[in-house]
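Working through the structure, step by step
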Amino acid sequence: MKDMTKDELLDFLNNWGEETLAKALEIKFIDIDQTNETLTATMPVLPRVHQPFGILHGGASCVLAETLGSSLSNIFIDGEKFYGVGTNINSNHLRSKKDGIITGTARFIRKGKTMHVSEIEIRDEKGQLINHTTMTNNIINR
């Protein structure tokens, strides 16, 4: 995937798989910076991602974070030989959200040959931090 342009990568990510949780939650990849190795996506906050109190369910934030962290790893490895799979996620829910759009950005904390650790920040439209997640992916042979 390293040889793809930015637009090709975003198109690939937004069309990867037919029936996925990311698609069910309307997660959309909107930016990738191959130089700084960051990936950004949005997700609408609609009633289907609420918990019973009418605010964003923490699990939905985790889905956005894990989708970003896993995709980030898989972009920056040789996909014909390896794939990155999530093995640990630690998510801190810092602020509630009832509606609108949240935007997550993933970046590497460590990018090794067999393990990647990412941090994902999820923010609202005002730039307020809604969630901070760290995620570990193991890079394994196909």
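Note that the structure is a prediction, hence the values are computed from the model and not measured.

1. A word on the pairing of strand 4 (residues 100-111)
Remark: a regular strand shows side chains that alternate across the two faces of the sheet. The sheet contact formed by strand 2 (residues 38-45) and strand 4 spans eight bridges and is antiparallel. Looking across to strand 4, one finds that Val45 is bridged to Gly100. The turn joining strand 4 and strand 5 (residues 115-123), which pair antiparallel and follow one another in sequence, is formed by three residues.

2. What about helix 1 (residues 6-14)?
Regarding helix 1, the residues found buried are Leu9, Leu10 and Leu13. Down the axis of helix 1, the buried set is contained in an arc of 95 degrees. They therefore lie on one face. Of the residues in helix 1, the exposed ones pointing more than 90 degrees away from the buried face are Asp7 and Asp11. Looking at the buried residues of helix 1, the elements they touch are strand 1 (28-33), strand 2 and helix 3 (58-75).

3. Section: the pattern of salt bridges
A side chain with one charge may pair with a side chain of the opposite charge, provided their charged atoms come close. Counted under the stated rule, the structure contains six salt bridges. Across the pair Lys6 and Asp31 runs a salt bridge, and its minimum N-O distance is 2.6 Å. Within this pair, whereas Lys6 is found in helix 1, its partner Asp31 is found in strand 1, the two being separated by 25 residues in sequence. Linking Glu119 and Arg107 is a salt bridge whose minimum nitrogen-to-oxygen distance equals 3.9 Å. In this pair, Glu119 is assigned in strand 5 and Arg107 in strand 4, connecting sequence segments 12 residues apart. Residue classification places Arg107 among the partly exposed positions, given a relative accessible area of 27%.

4. Description of the UniProt feature "domain: Thioesterase" (unreviewed entry) in the protein chain
Sites flagged by UniProt as "domain: Thioesterase" (unreviewed entry) map to residues 53-129. Taken end to end, residues 53-129 is 23% helix and 44% strand, and its two terminal C-alpha atoms sit 20 Å from one another.

5. What to know about the packing of aromatic side chains
By the definition in use, this model includes two aromatic pairs. Ring centres 5.1 Å apart and planes at 40 degrees place the aromatic pair Phe12 and Trp16 in the tilted group. Take Trp16: its relative accessible area is 39%, and that puts it in the partly exposed class. Between the aromatic rings of Phe76 and Phe108, the centroid separation amounts to 5.9 Å while the plane-to-plane angle is 75 degrees, which identifies the pairing as edge-to-face. Of the two residues, Phe76 sits in the loop between helix 3 and strand 3 (82-93) while Phe108 sits in strand 4, which places them 32 residues apart along the sequence. For Phe76, a relative accessible area of 9% gives the class buried.

Cut-offs applied
- Residues numbered from 1 in each chain as written.
- Predicted model: local features only at pLDDT ≥ 70, side-chain atom pairs only at ≥ 80, totals over all residues.
- Heavy atoms only, no water.
- Pairing = 2+ DSSP bridges.
- Helix = DSSP H or I, 4+ residues; strand = E, 2+ residues; numbered from the N terminus.
- Buried < 20%, exposed > 50% of the residue type's maximum accessible area, 1.4 Å probe, protein only.
- Arc of directions from axis to C-beta.
- Contact = heavy atoms within 4.5 Å.
- Salt bridge = Lys/Arg side-chain N within 4 Å of Asp/Glu carboxyl O.
- UniProt positions renumbered as here; feature names shortened; annotations may be inferred.
- Phe/Tyr/Trp six-rings, centres within 6.5 Å; stacked < 30°, edge-to-face > 60°.

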